Structures are given as structure tokens and as C-alpha cells.
Amino acid sequence: MTAYAIAHLRDAAPHPEIAEYIERITATFAPYGGRFLVHATPHEVKEGAWPGHVVVIGFPGIGEARAWWDSPAYQEIAPLRSRHIEGDIILVPGVPEDYDPAGTVQAMREAMAAGGPARS
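Note that the structure is a prediction, hence the values are computed from the model and not measured.

Now, about the overall build of the protein chain: what can you tell me, with residues and values included?
Along its length, the protein chain carries four helices and four strands. Listed by position from the N terminus, the elements making up the protein chain come as β-α-β-β-α-α-β-α. Since a compact globule built from 120 residues should have a radius of gyration of about 14 Å, the 18 Å found for the protein chain marks it as more spread out than a globular shape. With the C-alpha coordinates aligned to their principal axes, the bounding extent of the protein chain is approximately 55 × 35 × 25 Å. Across the protein chain, the fraction of contacts at a sequence separation of at least 24, relative to all contacts at a separation of at least 6, is 75%. Looking at the protein chain as shown, the accessible area adds up to about 8000 Å², and 57% of this sits on carbon and sulfur atoms. Across the protein chain, the centroid of the 9 positively charged side chains sits 3 Å from that of the 15 negatively charged ones.

Conventions used here
Residues numbered from 1 in each chain as written. Predicted model: local features only at pLDDT ≥ 70, side-chain atom pairs only at ≥ 80, totals over all residues. Heavy atoms only, no water. Helix = DSSP H or I, 4+ residues; strand = E, 2+ residues; numbered from the N terminus. Rg over C-alpha atoms; globule rule 2.2 N^0.38 Å. Contact = heavy atoms within 4.5 Å. Areas by Shrake-Rupley, 256 points an atom, 1.4 Å probe, with all protein chains shown as cover. Lys, Arg positive; Asp, Glu negative; His and termini not counted. Charge placed at Lys NZ, Arg CZ, Asp CG, Glu CD.

Given below as C-alpha cells:
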């Protein structure tokens, strides 16, 4: 099942180390089947606030996403970004193609009826 690395990056001023990071990052994806899905594109905020930039990297699965993040190749270049750009980065598994949110709703309703927190 596809997984994603999602970054919400803020205050990204141009810097030579950021340029080097961008030049080198794609090569770190190759062993894990990753690729940019969103990068250096404008986003449209419909609710709330989302200052900064969005980056989405797709991987074949959450194991590959974790292995990429933990890889020596990525960890070597990560400080080139983190020294100059504040942000939040998450790894998240996707849902199967046949995903139906009805199961989540059912679990929520059962939890509410039992007086406890909903879990999916």
C-alpha cells in the first residue's frame, strides 16, 4: 500500500546548502522506490492557514518510506535542509484502493455509544 512522506516547510530562504540538498535528494529515493509527487508547486489554502511550502514524496509502502528516512544517504543530507528551513515532516501510509470510510464511521459511532474515544 502506497505511503507518503509529507513536509510542511516554512521560512525557506535561498541558501547554497538548500540547493545542494535539492540536487542530492532524488538519488536517495532510488533504492526505496520513492518519487516526488508534489515539489516546488504553489498550493491553494481553502481553510485555515498553511504558510510555506508543501512537499509530498510517494513510496511503495511505509517500510520503504521509513527505510529511506533512516538511510545513511538521506541522513547525510538532511542537515543541509534542517539548518535552514523550519518545518514538520510526517510519514503516513495511504489507504487501499477499495477503502470505504464507512468502517471508520462505524467505529466512531460504537465508541460514542460506549462513551469512549473513537478509534479507526
